[in-house]
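Listed below are the residues making up each chain.
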Amino acid sequence: MGAAGPDISIVLPAHNEAGNIAPIAAAIAQAMALAGSYEIIFVDDGSSDGTLAAIRGAARDPAIRYLSFTRNFGHQAALRAGLRHAKGRAVIVMDADFEHPPELIPKLIAGWKEGAKIVATRRDDDGVAAAKRVSSQLYYRVLDAIGDVRIEPGSADYMLLDRAVVDVVNGIEDQDIFLRGLVRWLGFPLVTIPYTRGQRQSGESSFSAARMVELALTGIAAHSVRPLRFAIWLALGFALLSLLFIVYAIVSFLFVQHTVAGWSSLVAVIAILGAAQLLVLGIIGEYVGRILRETRRRPSYIVQETEAERRTP
Ligand code: UDP
Ligand code: MG
C-alpha cells in the first residue's frame, strides 16, 4: 500500500442506494478529471435493494473498488471499513446520495494541498428543515459544553483526511466511533469549507429519528463522561431540598396544630426521587452497555465480498 496507491480515495457508504451508484460514480469521475489519480470505494452496508449489483457493475471500471458487508452494520462502521480499504494519499468520505455535492471535491483537495491534514465541511443550513437545523445546532452546542471536542454546527461526515490522519484512525480500536468527533479530537490542523446541501437523487434516507438519537448518544458517550457526574449534582440538589424539608417539618410540628398533612408532600418526594434514580440508572446503563461492547472486542463489521474476489476468476 501507500507508494503504489492513487492520490485520492473517495469512500462512499451505501445502504439502499441502487439508483445513485452509477450517477455518483460518474459525477465523481467528472469532478476528479483534473484533480489527480483516484479510486472510488463503495461500501455496501447490507443493502436490500439492487445496490450490490449496481456496485459490481460499476466496479468493471478498475478505478472503482468495493466492500460488501454480510448485513447492515451502520454508517459509522461502513466509514471505518472504507478508511481501512483505501490506499490513497488522502481519503475523502462522503454520502452516496448527492446530498454531499461532488463539485466540492476539487476544493477539498485544494485545502489539503495548502497543508491542512483535515479538510472538513460545513453545511449552510438554509435549505434544511427547521427541526433538523435546530436540533443539530443544539446538539453540537451541548457536546461542545460537556465533551472533549468542538464540532461546528452543520458538520457531517463529508471531509478529506490526509493519509497520516487515516493511519491514526485505523489504529484506534474503539468499537463505537463518531468519525466527525474523533478526527477533530486528534488535533491535526483543520480547515472548514462551507457548502449547500444537494438533493438526494434517488431512494430515501436510512436515518429514522431513532437512529439519529442513537448516533447522538454515541457521539456524547464517545466524547464525554460528564453525564455520569450528573448523578452527583442531582444527589447534592436533593440533599439540599431534603434539608429544607426537614426544617419545614420541624417548624410545622412545633407551631402548627393538627399537622397530619404530610401525605401529599411524602408522595411528591418519593415520586421525584424515583424518577431521578431511574434517570441516573439509565445514564449508567448507557455507559455500562458500551463498556460491555468494547470489552467483547467483536469486529464492528464483517466483509462478505470485495472487488478482489470478483476480479480473480
Ligand atoms: N448509510 C449506510 N448505512 C446505514 C445508513 C446509511 O451506509 O445504515 C449511508 C447512506 O447510503 C448514505 C449515508 O450513509 O450514503 C447517509 O445516510 P442517509 O442519506 O440515509 O442519511 P441522511 O442524509 O438522511 O442523514
Ligand atoms: Mg442522505
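Look above for the structure.
Novice: Can you walk me through the coordination of the magnesium ion (ligand 2) in this structure?
Specialist: Ideal coordination angles are 109.5 degrees for a metal with four donors arranged tetrahedrally and 90 or 180 degrees for a metal with six donors arranged octahedrally. Ligation of the magnesium ion (ligand 2) by protein atoms is provided by Asp-97 (OD) and Glu-99 (OE), these donors lying 2.0 to 2.4 Å from the ion. A residue is classified by how much of its surface remains accessible, and Asp-97, at 4% relative accessible area, is buried.

Novice: Honestly, the site of ligand 1 in this entry has me stumped. Any pointers?
Specialist: Near ligand 1 you find 18 residues, and of these Glu-17, Asp-45, Asp-97, Ser-205 and Ser-206 are the closest. For ligand 1, an oxygen atom lies 2.8 Å from a polar atom in the backbone of His-15. Between ligand 1 and Asp-97, the relevant distance is 2.7 Å, taken from an oxygen atom to a side-chain nitrogen or oxygen of the residue. Burial of ligand 1 by the protein amounts to 94% of the accessible area it has alone, namely 530 Å². Split by residue class, the shell around ligand 1 holds four nonpolar, six polar and eight charged.

Novice: Explanation requested: the pattern of salt bridges in the structure shown.
Specialist: Evaluation of the coordinates by the stated rule reveals 16 salt bridges. Here Arg-65 makes a salt bridge to Glu-39, at a shortest N to O gap of 2.8 Å. With Arg-65 in strand 3 (residues 64-69) and Glu-39 in strand 2 (residues 38-44), this residue pair connects regions lying 26 residues apart in the sequence. Like Glu-39, Arg-65 is buried. For Asp-97, the salt bridge goes to Arg-200, with nearest N and O atoms at 2.9 Å.

Novice: What is the right way to read the sheet that holds strand 7 (residues 190-196) from this model?
Specialist: Backbone hydrogen bonds hold the strands of a sheet together, and the pairing may be parallel or antiparallel. One open sheet accounts for eight strands, arranged 7-5-6-4-1-2-3-8; its pairing is mixed. Each edge of the open sheet carries a strand with a single partner, namely strand 7 and strand 8 (303-306). The mean angle between the axes of side-by-side strands here comes to 20°, regardless of whether they run parallel or antiparallel. Sheet contacts for helix 6 (residues 163-171): strand 4 (90-93), strand 5 (118-124) and strand 6 (159-162); angle to strand 6, the most-contacted strand, approximately 90°. The strands that helix 7 (residues 179-186) touches are strand 4, strand 5, strand 6 and strand 7; relative to strand 6, the one it contacts most, it runs at about 40°.

The rules we used
Residues numbered from 1 in each chain as written. Chains lettered and ligands numbered in written order. Predicted model: local features only at pLDDT ≥ 70, side-chain atom pairs only at ≥ 80, totals over all residues. Heavy atoms only, no water. Donors = N, O, S within 2.8 Å, 3.2 Å for Na, K, Ca; no water. Buried < 20%, exposed > 50% of the residue type's maximum accessible area, 1.4 Å probe, protein only. Near = heavy atom within 4 Å. Polar contact = N/O pair within 3.5 Å; in protein donor to acceptor, adjacent residues only side chain to side chain. Areas by Shrake-Rupley, 256 points an atom, 1.4 Å probe, with all protein chains shown as cover. Nonpolar A, V, L, I, M, F, W, Y, C, P; charged D, E, K, R; others polar. Salt bridge = Lys/Arg side-chain N within 4 Å of Asp/Glu carboxyl O. Helix = DSSP H or I, 4+ residues; strand = E, 2+ residues; numbered from the N terminus. Pairing = 2+ DSSP bridges. Axes fitted to C-alpha atoms, helices over the stretch in contact; angles between N-to-C directions. Contact = heavy atoms within 4.5 Å.

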